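Understanding the architecture of this molecule
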Amino acid sequence: MRFDFQLRAFAQTDSGTDQLAVLGSDHSMNWEALQLAVQERMLQLQASEIPTGHPVLIYGHKEAHFVVNVLACISLQLPYIPIDINVPKARCQRIAKRSGSQVLLTSRVEHPFEEVPIIFPSSGPISRKGHANFSQSIHHRPEDPIRYIIFTSGSTGEPKGVQITASAVSSYLEWVDRDFGLVGHATWINQAPFSFDLSVYDLYISLHRGDSLVLSTAKQLNDPSTFFPRIQRANASVWVSTPSAAYRYLAAPDFTGAHFPQLHTFLFCGETLPNRTARLLLERFPKARVLNSYGPTEATVATTLVDVTAEVVAHHDPLPVGAPKFSSELLLEKQDPNDEWGEIIIVGNNVSIGYFEAPELNAQKFFLHQQKRAFRTGDLGKLENGQLFFGGRNDDQIKLNGFRIELGDISHQMGQLPGVKDAVVLPLKQRETVKRIIGILILEEGISPDQSYLDRLRQRLFDHLPAYMVPSELCVTSEFPYTTNHKVDRKALIDRYRKGSL
Ligand code: AMP
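Residues numbered from 1 in each chain as written. Predicted model: local features only at pLDDT ≥ 70, side-chain atom pairs only at ≥ 80, totals over all residues. Heavy atoms only, no water.

Let's talk about the overall build of the chain
Summing up its helical and strand segments, the chain has 14 helices and 29 strands in all. Rg of the C-alpha trace for the chain: 23 Å, near the compact-globule value of 23 Å for 502 residues, within the 12% margin. Counting only C-alpha atoms, the chain reaches 65 × 60 × 50 Å along its principal axes. By residue count, 55% of the 502 residues in the chain fall in the buried class. Long-range contacts, defined as pairs at least 24 residues apart, comprise 65% of the intrachain contacts of the chain with a sequence gap of at least 6. Between the centroid of the 50 positive side chains of the chain and the centroid of its 54 negative side chains there is a distance of 2 Å. (Helix = DSSP H or I, 4+ residues; strand = E, 2+ residues; numbered from the N terminus. Rg over C-alpha atoms; globule rule 2.2 N^0.38 Å. Buried < 20%, exposed > 50% of the residue type's maximum accessible area, 1.4 Å probe, protein only. Contact = heavy atoms within 4.5 Å. Lys, Arg positive; Asp, Glu negative; His and termini not counted. Charge placed at Lys NZ, Arg CZ, Asp CG, Glu CD.)

Considering helix α5 (residues 199-209)
For α5, a buried count of ten out of eleven residues is recorded, marking the element as mostly surrounded by other parts of the structure. Looking at α5, one finds that the buried residues are S199, V200, Y201, D202, L203, Y204, I205, S206, L207 and H208. Residue G210 follows α5 closely and has a positive phi angle near 75°.

A short note on the packing of aromatic side chains
Considering all chains together, one arrives at 32 aromatic pairs under this definition. Through pairs of rings, three or more aromatic residues link up here, namely F227, F228, W239, Y249, F255, F260, F266, F268 and F285. Note that R178 overlies the ring of F326, its terminal NZ or CZ placed 3.9 Å from the centroid. A cation over an aromatic ring shows up here: R248 above the ring of Y249, its NZ or CZ 5.2 Å from the ring centre. (Phe/Tyr/Trp six-rings, centres within 6.5 Å; stacked < 30°, edge-to-face > 60°. Lys NZ or Arg CZ within 6 Å of the ring centre and 35° of its normal.)

Quick look at the domain arrangement of the chain
What the domain assignment lists for the chain is domain 1 (2-241) and domain 2 (399-499). Put simply, the middle of domain 1 and the middle of domain 2, counted by C-alpha atoms, are 34 Å apart. Listed as interface residues are 15 residues of domain 1 and, on the opposing side, 15 residues of domain 2. Interface of domain 1 and domain 2: buried area, both sides summed, is about 1,100 Å²; carbon and sulfur atoms make up 51% of it. (Domains from an automatic or database assignment. Buried area = accessible area lost by both parts, 1.4 Å probe.)

A closer look at the nonpolar core
Core analysis: the biggest nonpolar cluster contains 102 residues, and L34, V67, Y172, Y201 and Y204 have the highest contact counts within it. Broken down by element, this core gets its largest block of residues, nine residues, from helix α2 (residues 64-75). Among residues more than four places away in sequence, those in contact with Y201 are Y172, F180, S206, V240, L267, C269, S293, V301 and A302. (Core = buried A, V, L, I, M, F, W, Y, C linked by side-chain atoms within 4.5 Å.)

Quick look at the environment of L465
Summarising the element assignment, L465 is placed in the loop between α13 (451-461) and β29 (473-476). Taking relative accessible area as the criterion, L465 reaches 1% and is therefore assigned buried. Separated by 376 residues in the primary sequence, L465 and K89 have C-alpha atoms spaced 9.0 Å apart.

Brief notes about the sheet that holds strand β27 (residues 420-430)
Read across the open sheet, the three strands follow the order β27-β28-β29; overall the sheet is mixed. For this open sheet the edge positions go to β27 and β29, each flanked by a neighbour on one side alone. Put simply, the sheet's adjacent strands are angled 30° from each other on average, direction ignored. Direction of pairing for β27 relative to strand β28 (residues 433-443): antiparallel, over a ladder of ten bridges. Note on β28: the bridge partner recorded for L428 is R436. Packing against the sheet, helix α12 (residues 407-415) makes contact with β27, β28 and β29, and its axis sits at approximately 145° to β27. The sheet contacts of α13 involve β27, β28 and β29, and relative to β29 the element is tilted by about 125°. (Pairing = 2+ DSSP bridges. Axes fitted to C-alpha atoms, helices over the stretch in contact; angles between N-to-C directions.)

Concerning the packing of helix α4 (residues 166-179) against α5
How two helices sit against one another is set out by the angle between their axes and by the gap between those axes. One way to put it is that α4 packs onto α5 with a least axis distance of 11 Å and a crossing angle of 75°. One element, α4, and the other, α5, form an angle in the roughly perpendicular class. Contacts between α4 and α5 involve V169, Y172, L173, V176 and D177 from the former and V200, Y201, Y204, I205 and H208 from the latter. (Parallel < 35°, antiparallel > 145°, perpendicular 65-115°, else oblique.)

Quick notes on the sheet that holds strand β15 (residues 265-268)
Judged by pairing direction, the sheet is mixed, and its nine strands sit side by side in the order β4-β3-β13-β12-β14-β15-β16-β17-β18 without closing on themselves. A single partner strand is all that each edge strand has here, and the edge strands are β4 (28-30) and β18 (323-324).

Structural notes on the site of the ligand
If you check the shell around the ligand, you find 17 residues, and the closest are S293, T297, D379, K399 and R404. Contact between the ligand and D379: an oxygen atom at 2.5 Å from a side-chain N or O atom of the residue. Protein coverage of the free-state accessible area of the ligand, which is 490 Å², stands at 95%. Taken together, the elements giving at least two residues each to the shell around the ligand come down to β16 (289-294), β24 (387-393) and β25 (397-400). It is β16 that contributes the most residues to the shell around the ligand, three residues altogether. Split by residue class, the shell around the ligand holds four nonpolar, seven polar and six charged. (Near = heavy atom within 4 Å. Polar contact = N/O pair within 3.5 Å; in protein donor to acceptor, adjacent residues only side chain to side chain. Areas by Shrake-Rupley, 256 points an atom, 1.4 Å probe, with all protein chains shown as cover. Nonpolar A, V, L, I, M, F, W, Y, C, P; charged D, E, K, R; others polar.)

Below is the structure:
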């Protein structure tokens, strides 16, 4: 059995319905159980008369029921907003408010959405409070319905909701069928939380192909002595993660092809795959394929793909990020026609219709190119023999351990802290990779902070930012240096920090 994303329904295949569909953190479901659970959920949602196109929040962490909720929403044309439990309460509530969602699906007893009027738990009675006002948020687009809205870090401190439609999902799955060379049944290892679009790799492909999906909690992932046996027992065959997540496991001597004979493919996206990581993986897993892909959430998971063979590793450092998918086009917008590098513009059906209710930002980032949707990525790229190479960002977005972060999002939150007059966030890099971020503050007059004062300020940030966005250290200065074009001179501040002269 498989899930047909175009028909929005389960479809029979040659494989039995008793095959594992999802191994979740709560329990596992075979395909038959998954189909029944989705049908049950759909009936509940239909009975509540939630209008087509109303965005629905799904909250949780790696439960099989999260998948049930996703499929029920897709089946009923309800755009869903996946939110992981690592998102702090205040941010969850902002997302709920902005989306106007009146409905929450969750298997969590505790959640931050007290204001949402209709709550569907995974078991037990539906909770209804007050009046559900659906009319304030209906986004039905019959010609190309929104499938999901993923909220990512926004430079103004307000998360941006990337809207991905049915046509983008179809274009993405068509590419997977055509170019990923997947043969036979696979068991997919999910690692990214569902609130990141990297998870759309394992989640959507496994459902689309009728494969099996193994979900693991952050706690399980952080402990190889739990995680490794879990994926060994499941005969997991396709690994999906950011390169940095895989690199972490390379520290374990038993992370080898001999210990994981079923593991035949590593699929990466989200940040630079260092040559060294690819080489080590090919040495440890000589029979496995290493696939590298590139693309922002705004273009549905990925847009380019390359098979990183031993030959590619031997000839390229940095590695290419691949050739564009057959139905997308890459344009390079150069400052000067003779420049080697230009801003990568992605054109094609896989591009989002825009951020949720953000007309000004959409006008800056999205446009039509020859009647096709196009997105300015902010990434710098160059093309060589049809292969794209990634050359960093042209703005303040960074990747830290694979997480996408707008530095402005963090400095905005730091600026809201009591006693803070101004704030800047600095990414500290080692060989072009951001290793950690630190926050530099200017405090109001009269405050003379000691370390415990700064620790308390830092602690407050956890209420507003996911843990991976909280600077590892806060420092204080009396003034910021400025560049000639009146921007805070981050480089000079980093030099001061490294010299210990802040
Ligand atoms: P996200 O929306 O979280 O997938 O992040 C998208 C951004 O991650 C892109 O715009 C790039 O800056 C970066 N990125 C994605 N894939 C790669 C890759 N293969 N190599 C380098 N950077 C990447």
